[in-house]
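Below, each chain spelled out in residue letters.
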Amino acid sequence: MNAVPGAFEKTPGWLDWQPNPSKPAFVPPRGAVDAHCHVFGPGHIFPYAPERKYTPCDASRQQLVALREHLGFSRNVVVQATCHGTDNRALVDALVHSNGTMRGVGGVDASVSDAELEALHQVGVRGVRFNFVKRLVDALPREPLKEIARRIEPFGWHIVIYFEAQELPELFDFFVSLPTTIVVDHMGRPDVSQPVEGPEFALFLKLMREHENFWSKVTCPERLSQSGPDYRDVVPFGRRLVEEFPDRVLWGTDWPHPNMKSHMPDDGKLVDFIPKIAPTEALQRKLLVENPMRLYWPEELG
Ligand code: 0GY
């Protein structure tokens, strides 16, 4: 990987995000939150991490705000991606320029000081992300993760976990041993060619049912689908989670869609996917407003 600032070449075959997404037909409720998106670089200002497994295209905070306005959203939760490692400068820059409309999930290691955590908290970071996807990171030893969990707990932060469904049996006990609220990325990445009632998704449902500190993002139909851009094979999975756990689900675009190899989604069409998994106005309000506000802006709820 090229670690020289200002000379970042995108990973060969990298698909750029769509510059002109369609205007969604679905109008999100007032105050809607895009609770999973990223900022990447720009690399000449915020260099990508030397240990990264890919080099993305730049995706700036200004471009994220333009997308949010186009889609009819009011706020963002910006999630640290592996290409920035534990260097949170691009994330922090987005938060401090957001006038309170963005909150963040950062990347830290166990050597982080309380002063650094406090500084991240002050600018709006409310969680850390542990990534277990093997193509994205080297194996993560558990002890440092437990230490991070212990250190962030006093800040009232949560942990976002990213893993693939086939890894859940091995990770299950570790996950339930964590002390904070846990937010699972992309529904635990189920194999959507299997039935929603099948054993693989049953384990994820068991995790959600038996552990009320677990939340799920009902995100990334474009990553999970095998049926193509109408993403119809993902609907039963998202809908099951929204209907069974209406108070513990979040939605986000995942803009700028890192590592999409098959196609680049149209963010307007992703917004139009929402009513398929959250069919009533009450469910849409919980998914897009009430739940993310409770997790990221609780002080505004009075
Ligand atoms: C996502 C998904 C991906 C990448 C990352 O941190 C990351 O690099 O999360 C992926 O490649 O599936 O949520 O952004």
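Refer to the preceding data block for the structure.
The paragraphs below set out a description of the structure included in this document. Predicted model, so just to flag it, every value in this text is computed and none were measured. Residue positions are given per chain, counted from 1 along the sequence in the order it is written. Per-residue local features are limited, in this predicted model, to residues with pLDDT of at least 70; the limit for side-chain atom pairs, both in listing and counting, is 80 or more; totals at the level of whole chains, interfaces and linings are taken over all residues. Side-chain metrics rest on all non-hydrogen atoms present in the structure, leaving aside hydrogens and water.

### Some words on the layout of surface pockets
And then number 1: Think of a 1 Å grid over the protein atoms and nothing else: a 1.4 Å probe that fits but is trapped marks a cavity, an open set flanked by protein within 12 Å on at least five of seven lines marks a pocket, and residues with an atom within 4 Å of a point count as lining. Grid points are joined across faces, edges and corners, and a volume is the space filled by probe spheres set on the points. Size it by volume and the largest pocket reaches roughly 510 Å³.
And then number 2: Taken together, 25 residues form the lining of the largest pocket, with Gly85, Thr86, Val108, Val137 and Leu140 sitting closest to its centre.
And then number 3: For the lining of the largest pocket, the elements supplying multiple residues, two or more each, are strand S4 (125-131) and helix H4 (142-152).
And then number 4: Put simply, Ala, Val, Leu, Ile, Met, Phe, Trp, Tyr, Cys and Pro go in the nonpolar bin, Asp, Glu, Lys and Arg in the charged bin, and everything else, Gly too, in the polar bin. Looking at side-chain class alone, the lining of the largest pocket contains 12 nonpolar, 7 polar and 6 charged residues.
And then number 5: Among the residues making up the lining of the second largest pocket, the classes are represented as 6 nonpolar, 1 polar and 5 charged. Only runs of H or I of at least four residues qualify as helices and only runs of E of at least two qualify as strands under DSSP, and these elements are numbered from the N terminus.

### Points about the site of the ligand
And then number 1: To be near a molecule or strand, a residue needs just one of its heavy atoms within 4 Å of it. Neighbouring the ligand are 16 residues, the closest being His38, Tyr54, Thr82, Tyr162 and His186.
And then number 2: Counted as a polar contact is a pair of N or O atoms within 3.5 Å, where, for protein atoms, one must be capable of donating a hydrogen and the other of accepting one, and residues adjacent in sequence contribute only when both atoms are in side chains. The contact in question runs from an oxygen atom of the ligand to an N or O atom on the side chain of Arg129, over 2.8 Å.
And then number 3: Separating an oxygen atom of the ligand from a side-chain N or O atom of Arg223 is a distance of 3.3 Å.
And then number 4: Each accessible area is a Shrake-Rupley estimate made with a 1.4 Å probe; only the visible protein chains count as cover when residues are assessed. Bound to the protein, the ligand loses 100% of the 350 Å² it would expose on its own.
And then number 5: Counting atoms within 2 Å of the grid points, the majority share of the ligand lands in the largest cavity.
And then number 6: By residue class, the composition of the shell around the ligand is 5 nonpolar, 6 polar and 5 charged. To qualify as sitting in a cavity or pocket, a molecule needs more than half of its atoms within 2 Å of the grid points.

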